[in-house]
Amino acid sequence: MEESLLHILRRLNRGIALVTGVVLMGCAAIVLADIVLRQMGSSFGGTDEISGYVMAIATSWGMAFTLLELGHVRIDILRGRVGQRARAFFDLFSMLVLTGTVTLIAYKCWPVVARSLANDSRANTPLETPLAWVQIPWFAGWVWFAVVAWLTFVAAAMLVMKGRFETADEAIGCFGEEDLAK
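About the criteria used
Residues numbered from 1 in each chain as written. Predicted model: local features only at pLDDT ≥ 70, side-chain atom pairs only at ≥ 80, totals over all residues. Heavy atoms only, no water. Helix = DSSP H or I, 4+ residues; strand = E, 2+ residues; numbered from the N terminus. Rg over C-alpha atoms; globule rule 2.2 N^0.38 Å. Buried < 20%, exposed > 50% of the residue type's maximum accessible area, 1.4 Å probe, protein only. Contact = heavy atoms within 4.5 Å. Areas by Shrake-Rupley, 256 points an atom, 1.4 Å probe, with all protein chains shown as cover. Lys, Arg positive; Asp, Glu negative; His and termini not counted. Charge placed at Lys NZ, Arg CZ, Asp CG, Glu CD. Axes fitted to C-alpha atoms, helices over the stretch in contact; angles between N-to-C directions. Parallel < 35°, antiparallel > 145°, perpendicular 65-115°, else oblique. Left-handed = near helix turned anticlockwise from the far one by under 90°. Nonpolar A, V, L, I, M, F, W, Y, C, P; charged D, E, K, R; others polar. Arc of directions from axis to C-beta. Salt bridge = Lys/Arg side-chain N within 4 Å of Asp/Glu carboxyl O.

1. Observations regarding the overall build of the protein
A count of helical and extended segments in the protein gives 6 helices and 0 strands. Overall, the protein shows an N-to-C arrangement of helices and strands of α-α-α-α-α-α. What you see for the protein is a C-alpha radius of gyration of 20 Å, clearly larger than the 16 Å of a compact globule of 182 residues, by over 25%. Classification of the 182 residues of the protein by burial places 32% in the buried group. For the protein, the share of sequence-separated contacts (at least 6 apart) that also reach a separation of at least 24 residues comes to 74%. Working note: accessible area of the protein is about 11,200 Å², and carbon and sulfur atoms make up 67% of it. Side-chain charges in the protein split into 15 positive and 16 negative, and the spacing between the mean points of these groups amounts to 6 Å.

2. Some words on unusual backbone geometry
Across residues other than glycine, the phi torsion is negative in most instances, and most of the peptide bonds are trans. A positive phi angle, near 50°, is found at Asp120, a position not held by glycine. Here Asp120 is to be found in the loop between α3 (84-119) and α4 (131-161). Non-glycine residue Glu128 carries a positive phi angle of around 50°. Mapped onto the elements, Glu128 comes out in the loop between α3 and α4. On the basis of relative accessible area, Glu128 is assigned to the partly exposed category, the value being 46%.

3. Description of the packing of α3 against α4
For the pair α3 and α4, the least separation of the axes is 8 Å and the interaxial angle reads 160°. With respect to α4, the element α3 is oriented roughly antiparallel. Once α3 is placed against α4, the crossing between them reads as left-handed. Along the lines of polarity and charge, the residues of the contact of α3 with α4 split into 29 nonpolar, 5 polar and no charged.

4. Regarding helix α5 (residues 165-172)
For α5, the set of buried residues is Phe165, Thr167, Ala168, Ala171 and Ile172. The buried residues of α5 occupy one face: seen down the axis, they fall within an arc of 160°. Of the exposed residues in α5, the ones pointing more than 90 degrees away from its buried face are Glu166 and Glu170. For α5, the secondary structure elements touched by its buried residues are α1 (2-39), α3 and α4.

5. Overview of the pattern of salt bridges
When the charged atoms of two side chains lie near each other, side chains of opposite charge can form a pair. Overall, the coordinates contain 5 salt bridges when judged by the stated rule. A salt bridge links Glu2 to Arg164; the shortest N-O distance between them is 3.9 Å. Separated by 162 residues along the polypeptide, Glu2 in helix α1 and Arg164 in the loop between α4 and α5 bring together distant segments of the chain. Across the salt bridge formed by Glu3 and Arg164, the nearest N and O atoms sit 2.1 Å from each other. One end of the pair, Glu3, is in helix α1; the other, Arg164, is in the loop between α4 and α5, and 161 residues separate them in sequence. Judged by its relative accessible area of 43%, Glu3 is partly exposed.

Structure (structure tokens):
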């Protein structure tokens, strides 16, 4: 069951990563077109603002993918010097801290979105972008990251409780320098 859950989460996040990549490529194309237009004395205007919004949204959605691909940075000085069981508990502790932090971030994002919705807040730029249009997908990305982190933590904890340390390591472990040298 745990491996099935992790597999489903990976598949979902790979799809999200592909969509995010397409959006980033589209944004890059718009910025490139604006650069060419500027050389001809014209401009779309606001591409710097739009690209900033796209980057914030892409980052919040990309965090869950990075988690499941074991791409987050972690200091592993102690982890490499202990046995498999202790490594599993270090990994679970690390996952719990990450999960708690991400949950707090998602929780603290909501008041920002709620305030923008209540006040009909707009960017103080020439585009006057309604901030909720940007903040809602940004917030949803953080919530998704928190959900994925909790589900991954629970799956990994269940694997560790069952003594399946290698499978748990594949789900939440990290790669040290000695692993990269191989």
